[in-house]
Amino acid sequence: MTPAAYRAIDCDVHPHVPGTNVLLPYLEPHWVEQIVDRGIHSLDSIAYPPNAPLTARADFRQEGLGLQSLQRQVFDRWGAQRAILNCLCGVQLIHNTDMAIALTRALNAWIAAEWLKKDDRLFASIIVPMQDMDAAIEEIEHWAAHPQFVQAMVLANGESPLGKRRYWPLHRALEMHGLPLGIHAGSSYHNPVTSLGWTNYHLEDYAAQSLGFQAQVASLVTEGVFVKFPRLKVVLLESGVSWLPGFIWRLSKFWRGVRRETPWVDRPPGDIIRDHFAMSVTPFDGPRDADVVRKVIDQIQSDEFLLWSSDYPHWQFDGDAKMPAGVPESLYAKIMRDNPLKLYPKIAATRTEAVR
Amino acid sequence: MTGRSRHVVARVAEIAQGPCKRIELAGRAIAIFNLGGEFFALNDRCPHEGGSLCKGKISALTVSSQPGEYNWTREGEFIRCPWHGWEFDIRTGRSVCDPRTMRTRLYDAHVEHGGDVIEGLAAGKLLAAESYRVSVEDDYIIVEI
């Protein structure tokens, strides 16, 4: 069965930012001059080097990576009905706080004007300037009512673990507006991507992303973010899936012995994770063996955890986007449609047609 | 009840409040606790890996309704397994981490006067070690297994 048959929501696609020049119309003159005079042509990072195979599949790249190409692939060819844009542009790397805020604002304005306004099947994450909490809240307040901004997005490897109290204003604002916190693979490179220090190679960098995700999950749970903000949801994007059951087990097991250190965590971490987190399915990080994939899904112990995603235009698969092999067909409707619609009520509101 | 037996295990004065007393009954290790004059007998085997609960630390239960809040409750009523720190409610034998399925057995324990104990032993309703001497002036802890 195809995404079209389920009227799927593609929960992780990436709009291509050709260069900082596209953001200039959305910047104050001071920042236009700064960008132009300094020759800041792009904000690409080593997370997604522009010419790396992962960054864009060869045939997608050949077609061009603009709006029309995305529409052709995701909607026309694969048959998704809605898609969520998670824009990967290295605004998180910028150290100059004011420049970071200005460029992040411009990026969100560009997403709204150049993508969302041109196709009402598209939705997007608000990119959050984590360099400054006040600005982060302001940015969320600015876009929260927009019908097509459905979550906020930060990178898995940012300045600090996201459960820390300094980030609670962000969680409070997101809970209030019913917007999930999306955590996407990537790094601000303000810290090394591993706790051992800087790595040398792209492979290490990408593989290490799951460690950052693990640290974020552990932080959000143990700091008691979901006790404080019980309606907050967190979505792990392009995180890989197969590491999760082992990590849930490890976190829950050790919690039993040190529970009293964080007495507000009053039930097993695995239960909290299942209630508050969701995860996009691509990449799954599993073998082709369907039995293994099925076991991983069983071990997650929730039908409501996974969200379908193509991760367009990243090269995660060949041919057409589909469900990773081994995901039981009985879960397709939930993963492709019901789970995303539950998590993103704004998308549900735009689907007037009767649900099959 | 059929199959159960009632044993004289100690004089009340022998089991101080605070530390746990470990006894062996019919091949079973049993941990006896004195909570302000109330006695509790737990199977002295952590259901996790089998650590001796009696060798663990007796403490309170820290509970919390929100991050940063630490409420110290029921001091002296929880035992922590010395091996991996799992906590158990001395009054019920239930673990804190998984109270529904992870528990150590709680045996019935109560106090009887020496006179009644002597009668019980004579009638065969109570059991004690052969050399065990019971005095009418003392009170005794009876554990049913």
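Up top you'll find the structure we're talking about.
Everything quoted here is computed from the prediction, not taken from an experiment.

Enquirer: Tell me what's going on with the interface of chain A and chain B, and back it up with residues and numbers.
Expert: The interface of chain A with chain B comprises 16 residues on the first partner and 20 residues on the second. Contact between chain A and chain B buries roughly 1400 Å² in total, counting both sides, with carbon and sulfur atoms accounting for 54%. Summed over the three residues of chain A that lose the most area to chain B, namely Arg256(A), Arg260(A) and Trp264(A), the buried surface amounts to 45% of that side. The shortest N-O distance in the salt bridge between Asp98(B) and Arg256(A) comes to 3.2 Å. Applying the counting rule to chain A against chain B returns four residue pairs in polar contact (both at pLDDT 80 or more). Those elements giving two or more residues to the side of chain A that touches chain B turn out to be helix 9 (225-228) and helix 10 (244-258) of chain A. With four residues, the single largest contributor to the side of chain A that touches chain B is helix 10 of chain A.

Enquirer: Can you break down the packing of aromatic side chains residue by residue, with the values?
Expert: Residue and element names in this part refer to chain A. The final tally for this structure, using the stated rule, is 13 aromatic pairs over all chains. Between Trp78 and Tyr312 the ring centres are 6.2 Å apart and the planes differ by 75 degrees, which places this aromatic pair in the edge-to-face class. Of this pair, Trp78 sits in the loop between helix 3 (67-77) and strand 2 (82-85) while Tyr312 sits in the loop between strand 8 (306-307) and helix 13 (332-343), and the two are 234 residues apart along the sequence. In terms of burial, Trp78 and Tyr312 fall into one category: buried. Note on Trp143 and Phe149: the rings are 4.9 Å apart at their centroids and 50 degrees apart in plane angle, and the pair reads as tilted. Summarising the burial analysis for this pair, Trp143 and Phe149 share the class buried. Chaining the aromatic ring pairs together yields one cluster made of Phe60, Trp78, Tyr312 and Phe317.

Enquirer: Would you mind going over the nonpolar core in detail, with residue names and values included?
Expert: Across soluble globular proteins, nonpolar side chains have a tendency to be buried as a group. Judged by nonpolar contacts, the single largest core of 130 residues is most densely connected at Leu107(A), Ile111(A), Ile183(A) and Phe277(A). Discounting residues that sit within four places of it in the chain, Ile183(A) has contacts with Val154(A), Leu155(A), Ala156(A), Leu162(A), Phe213(A), Gln216(A), Leu220(A), Val234(A), Val235(A), Leu236(A) and Leu237(A). With 14 residues, the next largest nonpolar core counts Ile23(B), Ala41(B), Ile141(B) and Val143(B) among its residues.

Enquirer: If you had to explain the pattern of salt bridges to someone new, which residues and values would you point to?
Expert: Residues and elements named next belong to chain B. Per the stated rule, a full pass over the model turns up 24 salt bridges over all chains. Where Glu38 meets Arg91, a salt bridge forms, and the shortest distance between an N and an O atom there is 3.1 Å. A residue pair is termed long-range when its members are at least 10 positions apart, and Glu38 in strand 4 (residues 38-43) and Arg91 in the loop between strand 7 (87-89) and strand 8 (106-113) qualify at 53 residues. By relative accessible area, which is 27% here, Arg91 ends up partly exposed. Because the salt bridges share partners, they merge into one network encompassing Glu38, Arg74, Glu77, Asp89 and Arg91.

Enquirer: With reference to specific residues and values, describe the sheet that holds strand 8 of chain B.
Expert: Residues and elements named next belong to chain B. An order of 1-9-8-4-3-2 is seen for the six strands of this open sheet, with the pairing classed as antiparallel. This sheet does not close on itself; its edge strands, each paired only once, are strand 1 (6-11) and strand 2 (21-25). Each strand of the sheet is rotated relative to its neighbour by a mean of 35 degrees, with strand direction disregarded. Pairing of strand 1 with strand 9 (residues 139-144), which is carried by five bridges, proceeds in the antiparallel orientation. Counted as the bridge partner of Val8 is Ile142 from strand 9. Taken strand by strand, helix 1 (residues 114-122) contacts strand 1, strand 8 and strand 9, and its axis lies near 110 degrees from that of strand 8.

Enquirer: Could you give me a rundown of the sheet that holds strand 5 (residues 57-63) of chain B, with the residues and numbers involved?
Expert: All names here are of chain B. Read across the open sheet, the three strands follow the order 5-6-7; overall the sheet is antiparallel. Whereas interior strands pair on both sides, the edge strands pair on one side only; in this sheet they are strand 5 and strand 7. Each strand of the sheet is rotated relative to its neighbour by a mean of 60 degrees, with strand direction disregarded. The pairing of strand 5 with strand 6 (residues 71-80) spans six bridges and is antiparallel. Bridge assignment links Ile58 to a residue of strand 6, and that residue is Ile79.

Definitions and cut-offs
- Here the residue index of a chain counts from 1 through its sequence in written order.
- To label them, take the chains in the order written and letter them from A, then take the ligands in the order written and number them from 1.
- Per-residue local features of the predicted model are confined to residues with pLDDT of at least 70, and side-chain atom pairs are confined, for both listing and counting, to 80 or more; whole-chain, interface and lining totals are unaffected and use all residues.
- Only hydrogens and water are set aside when side-chain values are computed; all heavy atoms of the structure are taken into account.
- Residue contacts are counted whenever heavy atoms from the two residues lie within 4.5 Å of one another.
- Two parts lose some accessible area (1.4 Å probe) when they are put together, and adding that loss for both gives the buried area.
- The term salt bridge refers to a side-chain nitrogen of Lys or Arg lying within 4 Å of a carboxyl oxygen of Asp or Glu.
- Two N or O atoms count as a polar contact when they lie within 3.5 Å, although within protein this holds only if one can serve as hydrogen donor and the other as acceptor, and sequence-adjacent residues are included solely when both atoms are side-chain atoms.
- For helices the rule is a DSSP run of H or I covering at least 4 residues; for strands it is a run of E covering at least 2, with both sets numbered from the N terminus onward.
- Any pair of Phe, Tyr and Trp rings, taking the six-membered ring for Trp, is counted once the centres come within 6.5 Å. Such a pair is stacked with planes under 30 degrees apart, edge-to-face with planes over 60 apart, and tilted for the rest.
- When a residue's accessible area, from a 1.4 Å probe over protein chains only, is under 20% of the maximum for its type it is buried; when over 50% it is exposed; and in between it is partly exposed.
- Only buried residues count toward a nonpolar core, which is a set of Ala, Val, Leu, Ile, Met, Phe, Trp, Tyr and Cys residues joined through side-chain atoms within 4.5 Å.
- Strand pairing is assigned whenever DSSP detects at least two bridges linking the two strands.
- Lines fitted to C-alpha atoms define the axes here, with helix axes fitted over just the stretch in contact, and angles between the N-to-C directions of these axes take values from 0 to 180 degrees.

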